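Commentary on secondary and tertiary structure
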Amino acid sequence: MSRLDRCYNIADLREAARRRLPQGVFQYVDKGTEDQLAVDNNRRALDSAKLLHRVLTDVSDVRTETEIFGRPAAMPLIIAPTGVAGMCWYQGELELAKAAAKAGVPFTLATGSNTSMEKVAEQAGGQLWFQLYMWREKALSYELIKRAARAGFDTLIWTVDIPHKPNREHDQRNGFSMPYKLNARSVIDALRHPEWLATVLGRYMAGPGMPRHVNFPDKYQHKFTGKATAAKALQADRLGWEDVDRLREIWPGKLIVKGVMRVDDARQAVARGVDGIVVSNHGGRSMDSAPSTLEVLPGIAAAVGDRTTVLVDSGIRRGSDIVKCLALGAKGVLTGRATLYGVGAGGEAGAAKALAILKAEMRRTMAYVGCQRVEQLSDDVIWRGRTE
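All figures in this text were calculated on a predicted structure; none of them were measured in a lab. (Residues numbered from 1 in each chain as written. Predicted model: local features only at pLDDT ≥ 70, side-chain atom pairs only at ≥ 80, totals over all residues. Heavy atoms only, no water.)

1. Some points on the overall build of the chain
The line we're drawing: Strands here are runs of E lasting at least two residues and helices are runs of H or I lasting at least four, both read from the DSSP assignment and numbered beginning at the N terminus. Our radius of gyration is a C-alpha quantity, and the globule rule it is checked against amounts to 2.2 Å times the number of residues to the power 0.38. For every residue, the accessible area obtained with a 1.4 Å probe (protein chains only) is divided by the maximum for its type, and the residue is called buried under 20%, exposed over 50%, and partly exposed between those limits. Here a residue-residue contact requires only that any non-hydrogen atoms of the pair lie within 4.5 Å. The protein chains shown are the only cover counted for residues, whose accessible areas, like all others here, come from Shrake-Rupley with a 1.4 Å probe. For this count, His and the chain ends are skipped, Lys and Arg are scored as positive, and Asp and Glu as negative. Charged groups are reduced to one reference atom each: NZ for lysine, CZ for arginine, CG for aspartic acid, CD for glutamic acid.
Helix and strand counts for the chain come out as 17 helices and 10 strands. The C-alpha radius of gyration computed for the chain amounts to 20 Å, which stays within 12% of the reference 21 Å derived for 388 residues, consistent with globular compactness. In terms of principal-axis extent, the alpha carbons of the chain reach across some 60 × 55 × 40 Å. A total of 388 residues make up the chain; the buried ones form 56% of that total. By sequence separation, contacts in the chain at least 24 residues apart represent 73% of the contacts at least 6 residues apart. Accessible surface computed for the chain: about 16700 Å², of which carbon and sulfur atoms make up 50%. In the chain, which carries 55 positive and 44 negative side-chain charges, the distance between the mean positions of the two groups comes to 4 Å.

Put into structure tokens, the structure is as follows:
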């Protein structure tokens with residue numbers, strides 16, 4: 001029985017990835033920041049939300065298919081941008097994108113990926129989204145998204161919730177950085193995981209060389225973990241709502257703002273003409289005191305859900321989590337860690353397994369709550385402390 005054959009849920013894929021990956025790589029994926037409060041909050045809120053059975057209703061034809069921005073999707077899920085996939089598996093972003101295309105869901109390529117956008121577009125296909133971190137040299141960001149549009153990406157996610165570098169203390173303890181850099185701790189960590197060393201780092205060293213941010217401008221690709229001046233240049237702490245207007249002018253496709261946690265910010269985004277927002281606390285990886293996304297989602301969806309597409313992320317591990325998010329006002333979810341665990345456990349096949357697990361669990365949960373179609377899900381299925 002293979003490693004993946006022994007994985008029956010996302011938690012199993014997580015454990016398989018933990019065993020295969022060096023500690024520095026795994027904890028970069030798995031952990032949040034500081035005391036891990038926001039990570040725990042996300043899961044606690046999802047676990048605490050309860051769903052009501054509906055009985056004696058026809059659920060013989062439950063379907064998870066939906067539309068996202070007018071395009072068909074096999075389920076209301078998008079692969080979130082994750083810049084470390086290429087350290088979980090050789091060219092892991094490409095593996096993820098291929099799995100997403102075959103599963104019929106959109107894939108988002110991160111600004112900090114280790115695989116070029118052109119290669120992903122050429123070899124994976126499917127519905128391709130691109131994620132942007134705006135840099136101080138905004139002209140470089142504009143050139144990047146123009147390049148993404150030329151490559152065939154049709155939706156842009158602008159991540160706006162990290163104006164300063166997060167305090168991820170575990171990375172410092174593990175000697176881990178992205179792009180990957182050899183030091184005493186990372187070398188010892190790698191040697192303890194010979195399979196990963198041979199099949200990931202070894203393949204990079206034998207071919208294209210050490211993983212780097214290949215979509216960055218040339219002058220920053222080799223300096224990102226080096227001089228402080230380069231890191232400062234890549235830090236986006238001088239942004240305003242007028243930057244949405246500029247992106248709207250440049251980007252020809254759908255524009256989404258990711259990292260919204262306040263109703264007033266959601267209204268601002270809608271007023272600026274965005275096509276969607278992602279209610280997100282960055283998976284608990286930015287501000288550790290953030291509330292869970294499930295707690296703020298209903299208020300934001302009520303305020304702007306009739307004027308824009310509201311998506312949500314942070315903490316999705318079960319198909320029932322997707323149902324809960326849709327019932328509370330989201331039109332879809334983004335998942336990052338769940339599919340990264342799959343990639344870390346088994347590349348494209350592992351990512352495909354993660355998506356298949358989530359889809360099967362979602363379909364089963366829809367049957368339990370008496371809904372045959374995604375659009376039938378509403379807060380009627382959420383238990384409010386009483387049964388009527």
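2. Observations regarding the pattern of salt bridges
What counts, and what does not: Whenever a carboxyl oxygen of Asp or Glu lies within 4 Å of a side-chain nitrogen of Lys or Arg, that contact is scored as a salt bridge.
Tallied over the entire structure, the rule returns 24 salt bridges. Between Lys102 and Glu348 there is a salt bridge, with its nearest N and O atoms 2.7 Å apart. Taken together, the positions of Lys102 in helix α5 (residues 92-103) and Glu348 in helix α17 (residues 337-368) put the pair 246 residues apart, joining distant regions of the chain. Exposure remark for Glu348: the relative accessible area of 18% places this residue in the buried category. The salt bridge involving Asp264 is made with Arg262; its shortest N-O contact spans 2.9 Å. Each of Arg3, Arg20 and Glu195 takes part in a single network of salt bridges with overlapping partners.

3. Side note on helix α16 (residues 319-327)
Most of α16 is tucked away, with eight of its nine residues classed as buried. All of the buried residues along α16 are Gly319, Asp321, Ile322, Val323, Lys324, Cys325, Leu326 and Ala327. Buried residues along α16 sit in contact with α3 (37-48), β3 (77-79), α15 (293-304), β9 (309-312), β10 (332-335) and α17.

4. A word on empty space enclosed by the protein
Gaps left between atoms show up when a probe the size of a water molecule is rolled over them. Rules: Lining residues are defined by having an atom within 4 Å of a point belonging to a cavity or pocket. Those points lie on a 1 Å grid over the protein atoms alone, cavities being sets where a 1.4 Å probe fits but cannot get out and pockets being open sets with protein on both sides within 12 Å along at least five of seven lines. Grid points are joined across faces, edges and corners, and a volume is the space filled by probe spheres set on the points. Note that Gly is not counted as nonpolar here; it falls among the polar residues with everything else outside the nonpolar set of Ala, Val, Leu, Ile, Met, Phe, Trp, Tyr, Cys and Pro and the charged set of Asp, Glu, Lys and Arg.
One pass over the full model with this rule turns up two cavities of 30 Å³ or more. Each pocket or cavity is described by its volume, and for the largest cavity that value is around 50 Å³. Considering the residues around the largest cavity, the lining is formed by Asn42, Leu46, Ser292, Thr293, Leu294, Val312, Asp313, Ser314, Ile316 and Cys325. Breaking the lining of the largest cavity down by element, the ones donating at least two residues are α3 and α15. The residue inventory of the lining of the largest cavity, partitioned by class, reads five nonpolar, four polar and one charged. Each pocket or cavity is described by its volume, and for the second largest cavity that value is around 40 Å³.

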